[in-house]
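The primary structure of each chain is shown beneath.
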Amino acid sequence: MDRETVTKVARIAHLELTEEEIELYRSDLEEILDYFRVLDGAPSSDGLLLNPVEVSDVLRPDEPHMEIPADALLADMNTYERYVRGPRVQ
Amino acid sequence: MIDLPDLSKINEKYRMFSEIASEISTDAEFAFSAKDNLTAVGFQARAGSAILEGYRPLFDAACIEKMRSAGGFLIGKTNMDEFGFGSFSMNSAYGIPRNPYDTERSCGGSSGGAACAAAVIDGHVALGVSTGGSIACPASFCGVYGMAPTYGRVSRHGLIDYGNSMDKVGILSQDAKDLGKYLPIISGDDRRDPASCNHPPLQKRFRKLRSVAIVKGEASAGVDAAIRSAEEELRSMSVDVETVSMDSLRYALPAYYVLASAEGSTNIARYCGLRYGRQDGDLSLKFDDYFTKMRSEYLGEETKRRVILGTFTRMMGFRDKYYAKALGVRNAIISEYKSIFERFDAVLTPTMPFISPRFDEISGMSALETYRADVLSVPPNLSGLPHISMPCGYSEGMPVGMMLVADHWNDDILLSAAEEWQKRFDARRSEVAI
């Protein structure tokens, strides 16, 4: 794990790190990834499940509806004329 | 029921709540608290994170909705490691809960505030959440009972997710009977949680624990002595006890941290200073720069570490080496548990390898050393198996917990075991000064 990789991964994750943070996470991740090498010798199995128990897909009906009134949702938001304020697109 | 002045006073000393109710109804049938990653009308839901400061959800989490319907009064939101990332509740933007047996020691994590509230407040039931041991660990350190049910049994609707393939809502209490009383209340199918399955439903008549397989692991001398004594007590309760080995367990911890970090890093992506919580950044910045600035400023050190780790293990070229491998390891561990459950009702280990450490000891640990503290609590969480931590002894005046793990959907065996155990084991109460 080098400083460039830490910086690149952080950028993908929308994180800007200080010089001290880059060194801290570089050192920590190197130790952690080294520990993960024990997985190289681990048993595996066919048919990878994403959950530990079988779950059936639960999809709600595709019907538009509003559970919470828009005004209530906007009450705690930073708004201008009932639009949520956001940063610049360009 | 505790009144508001006493609750405020207790919280000043132990800091188990990140927010307490503005008033407390004395008419309610019972009081309960909820971990701060569960949404509740009337409270902020900050999950220990500064980036969620000011987030006031407009709906109750399913478990809170059910507790309120059953006559419960929510007295507060309990402190926790940010987004559940931690084992000592020291990674919170809202204070560190203090262990009621020694305020210079940790309550454990990440449901540390919940365990502290359960230990300190008479007749209190605390809702906690476990991803890798976040109920069992603090229950052990604070000397209370803590139950994480089978994955899918309790709806996570309204939970601020950490690791979706492992997150479970559970209960902590001084009284083992509370677990059996309230778990049926919060259990059940819920179409609002895609992983909710609750099949088969929780048995109404709990089955008795008849046999236990003990898996030996590395633990301190004090913890070992308490477990040995518990082993003898179980035998005297006519439970068959036998020692077994589980070879796959040595892979559980790295597999867990790969999966949990991968899932956690995707979940944290939605917190960017716009949709939830803080929205007070410089809006003249471009989108990406705004999100980066807000996340860099308000996410804590451990959250950043896990986001970077999880993002790395999901990157092109590393996905098969880490993520896919960890999924395979999880299957192998489940298979080994299942083979043991053909002969035994439950697997027993210490909950934690040591008693609650002091804060100065924790500050000296590396990130990996703190992860290693979860070595015993991770395997059942990775496997979605129901598990319960029960107080079983004391070392240096601090509580020691033992953990029973049962097969999927056999939660009832653990509940009955805890009730039986409580009749035999005389748990101490911490001295609480109000």
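Since this is a predicted model, take the numbers as computed values, not measurements.

(A) Geometry of the overall build of chain B. A tally of regular secondary structure across chain B gives 14 helices and 13 strands. Taken along the three principal axes of its C-alpha coordinates, chain B extends 70 × 60 × 45 Å. The burial tally for chain B puts 61% of its 434 residues in the buried class. Summarising the internal contacts of chain B: among those between residues at least 6 apart in sequence, 75% fall at separations of at least 24.

(B) Quick peek at the overall build of chain A. Secondary structure assignment for chain A yields three helices and two strands. Ordered by position from N to C terminus, the α and β elements of chain A give α-α-α-β-β. Over its C-alpha trace chain A gives a radius of gyration of 23 Å, far above what one expects of a compact globule, namely 12 Å for 90 residues. When the backbone C-alpha atoms are referred to their principal axes, chain A occupies close to 55 × 45 × 25 Å. Scored against the burial criterion, the 90 residues of chain A give a buried share of 14%.

(C) Focus on the confidence of the model for chain B. In this model, chain B carries an average pLDDT of 95, and 99% of its residues clear a pLDDT of 70 or more. The ipTM value of the predicted complex is 0.94, and its pTM value is 0.97.

(D) Local environment of the packing of helix α5 (residues 176-186) of chain B against helix α14 (residues 411-424) of chain B. Residues and elements named next belong to chain B. Two elements in contact, α5 and α14, have axes whose closest approach is 7 Å; the angle formed by their N-to-C orientations is 150°. By the angle class used here, α5 and α14 are roughly antiparallel. For the pair α5 and α14, the sense of crossing is left-handed. Here Ala-176, Lys-177, Leu-179, Gly-180 and Leu-183 of α5 come into contact with α14, specifically with Asp-411, Leu-415, Ala-418, Glu-419, Trp-421 and Gln-422. Along the lines of polarity and charge, the residues of the contact of α5 with α14 split into six nonpolar, two polar and three charged.

(E) Spatial organisation of the pairing of strand β5 (residues 102-106) of chain B. All names here are of chain B. Pairing of strand β4 (residues 98-99) with β5, which is carried by two bridges, proceeds in the antiparallel orientation. Considered in β5, the bridge of Arg-98 is made with Ser-106. Between β4 and the antiparallel strand that follows it, β5, lie two residues.

(F) Structural detail: the interface of chain A and chain B. In this complex, chain A contributes 43 residues to the contact, which on the side of chain B involves 59 residues. Every element with two or more residues in the side of chain A that touches chain B is listed here: α1 (3-12), α2 (19-36) and α3 (70-74) of chain A. Ranked by residues supplied to the side of chain A that touches chain B, first place goes to α2 of chain A with seven residues. Of the residues that constitute the side of chain A that touches chain B, the class distribution is 28 nonpolar, seven polar and eight charged.

(G) The sheet that holds strand β7 (residues 145-148) of chain B, seen in detail. Residues and elements named next belong to chain B. Pairing is mixed across the open sheet formed by eleven strands, whose spatial order is β1-β3-β2-β6-β8-β7-β12-β13-β11-β9-β10. Two strands lie at the open edges of the sheet, namely β1 (17-20) and β10 (240-244), each paired on one side alone. Neighbour-to-neighbour, the strand axes of this sheet turn through a mean angle of 30°, independent of strand direction. Direction of pairing for strand β6 (residues 125-130) relative to strand β8 (residues 168-173): antiparallel, over a ladder of six bridges.

(H) A look at helix α9 (residues 301-313) of chain B. Taking 1.5 Å per residue as the helical rise, α9 of chain B with its 13 residues ought to reach 18 Å, and the 19 Å between its terminal C-alpha atoms agrees with that figure. Of all 13 residues that make up α9 of chain B, eleven are buried, and the element is covered over most of its length. Every buried residue belonging to α9 of chain B is among Thr-303, Lys-304, Arg-305, Arg-306, Val-307, Ile-308, Leu-309, Gly-310, Thr-311, Phe-312 and Thr-313 of chain B, and all of these are buried. In this fold, the buried residues of α9 of chain B make contact with α1 and α2 of chain A together with α7 (252-268), α10 (320-341) and α12 (367-372) of chain B.

(I) Representation of the nonpolar core within the structure. Residue and element names in this part refer to chain B. In terms of nonpolar packing, the biggest core is built from 151 residues, with Ala-115 and Ala-346 touching the most fellow members. For this core, the element with the highest residue contribution is α7, accounting for ten residues. The contacts of Ala-346, once residues within four sequence positions are left out, are Leu-209, Val-212, Leu-404, Val-405, Ala-406, Ile-413 and Leu-414.

(J) Region of interest: unusual backbone geometry. All names here are of chain B. The residue after Gly-109, namely Ser-110, is reached through a cis peptide bond having omega 5°. Tracing the sequence through the fold places Ser-110 in the loop between β5 and α3 (112-120). Notably, Arg-15 is not glycine yet its phi reads approximately 55°, a positive angle. Tracing the chain through its elements places Arg-15 in the loop between α1 (4-14) and β1. The exposure class of Arg-15 is buried, given the 21 C-beta atoms found within 10 Å. Unlike most non-glycine residues, Phe-83 shows phi in positive territory, near 55°.

(K) Looking closely at the pairing of strand β3 (residues 72-78) of chain B. All names here are of chain B. Of all seven residues in β3, six are buried; the element is thus mostly enclosed. One ladder, built from three bridges, connects β1 with β3; its direction is antiparallel. The partner of Phe-17 across the bridge, within β3, is Thr-78. Bridge count for strand β2 (residues 30-35) against β3 is six bridges, and the pairing is parallel. Paired with Lys-35 across the strands is Thr-78, a residue of β3. The handedness of the β2 to β3 crossover, carried by helix α2 (residues 62-69), is right-handed.

(L) Expanded view of α14 of chain B. Residue and element names in this part refer to chain B. Given a rise of 1.5 Å per residue, 14 residues ought to cover 20 Å, and the 21 Å separating the end C-alpha atoms of α14 matches this to within 8%. Listed as buried for α14 are Asp-411, Asp-412, Ile-413, Leu-414, Leu-415, Ala-417, Ala-418 and Trp-421. Against the buried residues of α14 lie β7, α5, β11 (346-350), β12 (387-395) and β13 (398-406).

(M) Seen up close, the environment of Phe-43 of chain B. All names here are of chain B. With respect to the helices and strands, the residue Phe-43 is situated in the loop between β2 and α2. Owing to 23 C-beta atoms within 10 Å, Phe-43 belongs among the buried residues under this scheme. Along the backbone, Phe-43 and Gly-95 are 52 residues apart, and their C-alpha atoms lie at a distance of 17 Å.

(N) Representation of the packing of α7 of chain B against α9 of chain B in the model. Residues and elements named next belong to chain B. Packing of α7 against α9 brings their axes to within 7 Å, and their N-to-C directions diverge by 105°. One way to sum up the angle between α7 and α9 is to call them roughly perpendicular. Where α7 abuts α9, its residues Val-258, Ser-261, Ala-262, Gly-264, Ser-265 and Ile-268 lie against Thr-303, Arg-306, Val-307, Leu-309, Gly-310, Thr-311 and Thr-313.

Rules behind the numbers
Residues numbered from 1 in each chain as written. Chains lettered and ligands numbered in written order. Predicted model: local features only at pLDDT ≥ 70, side-chain atom pairs only at ≥ 80, totals over all residues. Helix = DSSP H or I, 4+ residues; strand = E, 2+ residues; numbered from the N terminus. Buried ≥ 20, exposed ≤ 12 C-beta atoms within 10 Å, placed from the backbone. Contact = placed C-beta atoms within 7 Å. Rg over C-alpha atoms; globule rule 2.2 N^0.38 Å. pLDDT = per-residue confidence, 0-100. Axes fitted to C-alpha atoms, helices over the stretch in contact; angles between N-to-C directions. Parallel < 35°, antiparallel > 145°, perpendicular 65-115°, else oblique. Left-handed = near helix turned anticlockwise from the far one by under 90°. Nonpolar A, V, L, I, M, F, W, Y, C, P; charged D, E, K, R; others polar. Pairing = 2+ DSSP bridges. Expected span 1.5 Å × (residues − 1). Core = buried A, V, L, I, M, F, W, Y, C linked by C-beta atoms within 7 Å. Right-handed = clockwise from strand over helix to strand, strands pointing away.

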